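# Observations on the model geometry
Next come the chains, spelled out residue by residue.
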Amino acid sequence: MYEHKLIATNGITLHAVAAGPEDGPLVLLLHGFPEFWYGWRRQIPALAAAGFRVLAPDQRGYNLSDKPRELSAYRLDELAADALGLIDAAGRERAFVVGHDWGAMVAWWLALVAPHRLHRLAILNVPHPYVFRSHLLNDAEQQKRSLYAGFFQLPWLPEAALRAGDWRAAEQAMRGSSRPGAFSDDDMAEYRRAWARPGAMTAMLNWYRALAQRPPDDPPSPRVVVPTTIIWGLKDFALRGVMAAESAAECDDVELIELPDNTHWVQHEAPDLVNETLITRFQS
């Protein structure tokens, strides 16, 4: 059912999983930290069955994709260029783009710098970049929740802490911040295998380091003109729910779906709702 591909884009090679009819409308699924394409395992079959051509990459630094050593290689502009290259490689002018966590930050950025390349945008539990910046500067509660990202700025120590005890801290970060049962033992074995690939964890953490130390240039406008759906689990451990509505206010055409009983990991905890929402919006 899945096709595993190596795709050249933006000067590197990304591993990606593809599914669905070759001539179907393209859906690009962008995962976040600390996942890889496998984080969309509950969405890929549903979207493919609905007639979409689905492409779920391991983003740069993750799992089987290339892992450049330079910190500047993980600037947000480069990550967005990777995604545009994937759309080009699929032979398409435009795509439906879905992002979660860091993948959602890339998706927001695509909508800001290349709106003409997106049919629609779907965001899972990450605020608009300007909204997030404002809260990081002015919101003590959000600053507290984001302290872990400050820890990630340190050299080598975060890697060592996450790796200790067969990735005990990394696993606990996922399981402890999600609803019980969201991640099975088999799921965690898949994640540990991806984390343990040479250079992977440093490359993954470099996404955080590059945003703080090599921020992107501001786009022409903070307004999102691409039709947008935001799905937000209000029990997110790291991101305040107030940012969902504030992010929606930055969009010209938007639907906001707030889930009071779900956490940051909405596509794992409420896969049927997420799948139905994406299919319905993308087919409209």
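In the block above lies the structure referred to throughout.
Residues numbered from 1 in each chain as written. Predicted model: local features only at pLDDT ≥ 70, side-chain atom pairs only at ≥ 80, totals over all residues. Heavy atoms only, no water.

Bringing the overall build of the protein chain into the picture now. Of the regular secondary structure elements, the protein chain holds 12 helices and eight strands. For 284 residues, the compact-globule formula gives about 19 Å, and the C-alpha radius of gyration of the protein chain, at 17 Å, lands near that figure. With respect to the three principal axes, the spread of C-alpha positions in the protein chain is 45 × 40 × 40 Å. Counting across all 284 residues of the protein chain, residues that qualify as buried make up 56%. Of the accessible surface of the protein chain, which amounts to about 11,500 Å², a share of 53% is contributed by carbon and sulfur atoms. Put simply, the protein chain has 28 plus and 35 minus side-chain charges, and the middle of one group is 4 Å from the middle of the other. (Helix = DSSP H or I, 4+ residues; strand = E, 2+ residues; numbered from the N terminus. Rg over C-alpha atoms; globule rule 2.2 N^0.38 Å. Buried < 20%, exposed > 50% of the residue type's maximum accessible area, 1.4 Å probe, protein only. Areas by Shrake-Rupley, 256 points an atom, 1.4 Å probe, with all protein chains shown as cover. Lys, Arg positive; Asp, Glu negative; His and termini not counted. Charge placed at Lys NZ, Arg CZ, Asp CG, Glu CD.)

Strand S4 (residues 53–57) sits mainly inside the fold: five of its five residues count as buried. Here S4 shows a buried face lined by Arg-53, Leu-55 and Pro-57 and a second buried face lined by Val-54 and Ala-56. Looking at chain direction, strand S2 (residues 12–19) and S4 are connected through four bridges and run antiparallel. Note that in S4 the partner of Val-17 across the bridge is Ala-56. In this structure, strand S3 (residues 26–30) lies alongside S4, joined through three bridges in parallel fashion. Paired with Val-27 across the two strands is Val-54, which belongs to S4. Taken together, S3, helix H1 (residues 44–49) and S4 constitute a β-α-β crossover, and its handedness is right-handed. (Pairing = 2+ DSSP bridges. Right-handed = clockwise from strand over helix to strand, strands pointing away.)

Another aspect to go through is the sheet that holds S3. Sheet strands pair by backbone hydrogen bonding; their relative direction is either parallel or antiparallel. Read across the sheet, eight strands follow the order S1-S2-S4-S3-S5-S6-S7-S8 without closing on themselves; strand pairing throughout is mixed. The sheet is open, and its two edges are formed by strand S1 (3–9) and strand S8 (254–259), each paired on a single side. Pairwise comparison of adjacent strand axes, ignoring direction, gives a mean angle of 20 degrees for this sheet. Where S1 lies against S2, seven bridges are found, and the strand directions are antiparallel. In the strand pairing of S2, Thr-9 is matched with Ile-12. Against the sheet, helix H2 (residues 76–89) touches S1, S2, S3, S4 and strand S5 (95–100), its axis set at about 115 degrees to S1. Across the face of the sheet, helix H3 (residues 102–113) comes into contact with S3, S5, strand S6 (118–124) and strand S7 (228–233) while running at roughly 145 degrees to S6. (Axes fitted to C-alpha atoms, helices over the stretch in contact; angles between N-to-C directions. Contact = heavy atoms within 4.5 Å.)

A cis geometry characterises the amide bond from Phe-33 onward to Pro-34, with omega recorded as 0 degrees. Take Pro-34: it is sitting in the loop between S3 and H1. Phi at Asp-101 takes a positive value of approximately 55 degrees, unusual for a residue other than glycine. Here Asp-101 is to be found in the loop between S5 and H3. Residue Asp-101 is classed as buried on the basis of its relative accessible area of 11%. One non-glycine residue with positive phi stands out, namely Trp-167, at about 65 degrees. In this structure, Trp-167 sits in helix H7 (residues 157–176). In this structure Trp-167 comes out as buried when scored by relative accessible area, which is 5%.

A full pass over the atoms with the stated rule returns one cavity of 30 Å³ or more. Size it by volume and the largest cavity reaches roughly 40 Å³. Contributing to the lining of the largest cavity are Leu-14, Leu-30, Pro-57, Gln-59, Arg-60, Leu-79, Asp-82, Ala-83, Leu-86 and Trp-207. A per-element tally of the lining of the largest cavity places H2 first, with four residues. Among the residues forming the lining of the largest cavity, the class breakdown is seven nonpolar, one polar and two charged. (1 Å grid on protein atoms, 1.4 Å probe; cavity = no way out; pocket = protein on both sides within 12 Å on 5 of 7 lines; lining within 4 Å. Points joined across faces, edges and corners; volume = space filled by probe spheres on them. Nonpolar A, V, L, I, M, F, W, Y, C, P; charged D, E, K, R; others polar.)

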